[in-house]
Amino acid sequence: MKVLKIILIIILALIALPLIAALFVSKDYYIERSIVINKPRPEVFDYVARLKNQKDYSVWVQADPNMKQEFIGTDGTVGFVNTWNGNEEVGEGSQKITAIVPNERVDVTMHFIRPFEDFMDGSTITKDTVGGTKVTNIVKGVSAYPMNIMNPFLDDMIAPDIEKNLSNLKNVLEK
């Protein structure tokens, strides 16, 4: 009986510890990565502002060649929506263009439905720089308690894919 009590206390401590730690972890997250593409800013911006072009460089879109997508509206304009439904790796959700500053910035909101429901905001920013155009991808959002316990690890989980997307984009545009 004493051993069972100790095991129960250990199990309760293992459950309580992350829940207590989550109280002290920020609910906000922000991830940013950049690359320089040797092309003029208007050309780069015109390409990244069209969500359909993600098929050419996004590791998330390319992760499921059989993914079903629906496009609603005029690509490259505010209000354009891309919905997807794919395998377990890409899940199901939608991406909507929420703001555009021509030749500077495209903002989107992503709504993930599966494998779990969540929202995330993203931005693609283009700036003139030495050697071409600096493209910056940003993702940010707010994680509800207790899922915010994952926020310190999100950079390690998401940033490699963002970096690969940017590298793929550079390869596509500099061909």
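Reading the values: rules and limits
- Residues numbered from 1 in each chain as written.
- Predicted model: local features only at pLDDT ≥ 70, side-chain atom pairs only at ≥ 80, totals over all residues.
- Heavy atoms only, no water.
- Helix = DSSP H or I, 4+ residues; strand = E, 2+ residues; numbered from the N terminus.
- Rg over C-alpha atoms; globule rule 2.2 N^0.38 Å.
- Buried < 20%, exposed > 50% of the residue type's maximum accessible area, 1.4 Å probe, protein only.
- Contact = heavy atoms within 4.5 Å.
- Areas by Shrake-Rupley, 256 points an atom, 1.4 Å probe, with all protein chains shown as cover.
- Lys, Arg positive; Asp, Glu negative; His and termini not counted.
- Charge placed at Lys NZ, Arg CZ, Asp CG, Glu CD.
- Salt bridge = Lys/Arg side-chain N within 4 Å of Asp/Glu carboxyl O.
- Pairing = 2+ DSSP bridges.
- Axes fitted to C-alpha atoms, helices over the stretch in contact; angles between N-to-C directions.
- Parallel < 35°, antiparallel > 145°, perpendicular 65-115°, else oblique.
- Left-handed = near helix turned anticlockwise from the far one by under 90°.
- Arc of directions from axis to C-beta.

(A) How the structure looks around the overall build of the chain. Helix and strand counts for the chain come out as four helices and seven strands. In sequence order, the secondary structure elements of the chain are arranged as α-β-α-α-β-β-β-β-β-β-α. In summary, the chain has a C-alpha radius of gyration of 20 Å against a globular reference of 16 Å for 175 residues, an excess of more than 25%. Dimensions along the principal axes, computed over C-alpha positions, put the chain at roughly 70 × 35 × 25 Å. The burial tally for the chain puts 36% of its 175 residues in the buried class. Long-range contacts, defined here as pairs at least 24 residues apart, represent 53% of the contacts in the chain between residues at least 6 apart. Entry remark: accessible area of the chain is about 10,600 Å², with carbon and sulfur atoms responsible for 62%. Seen as two clouds, the 19 positive and the 22 negative side-chain charges of the chain have centres 2 Å apart.

(B) Highlighting the pattern of salt bridges. The full count for this structure, using the stated rule, is 10 salt bridges. For the salt bridge of glutamate 174 with lysine 170, the shortest nitrogen-to-oxygen distance reads 2.9 Å. You can call glutamate 174 partly exposed: its relative accessible area is 32%. For lysine 170, a relative accessible area of 24% corresponds to the partly exposed category.

(C) A look at the sheet that holds strand β5 (residues 105–114). Across the sheet, which stays open at both edges, the seven strands sit in the order β1-β7-β6-β5-β4-β3-β2 with antiparallel pairing between neighbours. Both outer strands of the open sheet, β1 (28–37) and β2 (68–72), are each paired with one neighbouring strand and no more. Taking each pair of neighbouring strands and ignoring which way they run, the sheet shows an average axis angle of 15°. Along the sheet, helix α2 (residues 41–48) makes contact with β1, β4 (92–101), β5, β6 (118–129) and β7 (132–142), crossing β6 at roughly 165°. Against the sheet, helix α4 (residues 151–173) engages β1, β6 and β7, with an angle of about 20° to β1.

(D) Fine view of the packing of α2 against α4. Where α2 contacts α4, the two axes come as close as 12 Å, and the packing angle between them is 120°. Classified by the angle their axes make, α2 and α4 are oblique. Judged by the sense of rotation from one axis to the other, the crossing of α2 with α4 is right-handed. When α2 is examined against α4, the residues Val44, Tyr47 and Val48 are found in contact with a partner set consisting of Leu169, Val172 and Leu173.

(E) Spotlight on α2. Every buried residue of α2 is accounted for by Val44, Phe45, Tyr47 and Val48. One side of α2 carries all its buried residues, which in axial view fall inside an arc of 160°.

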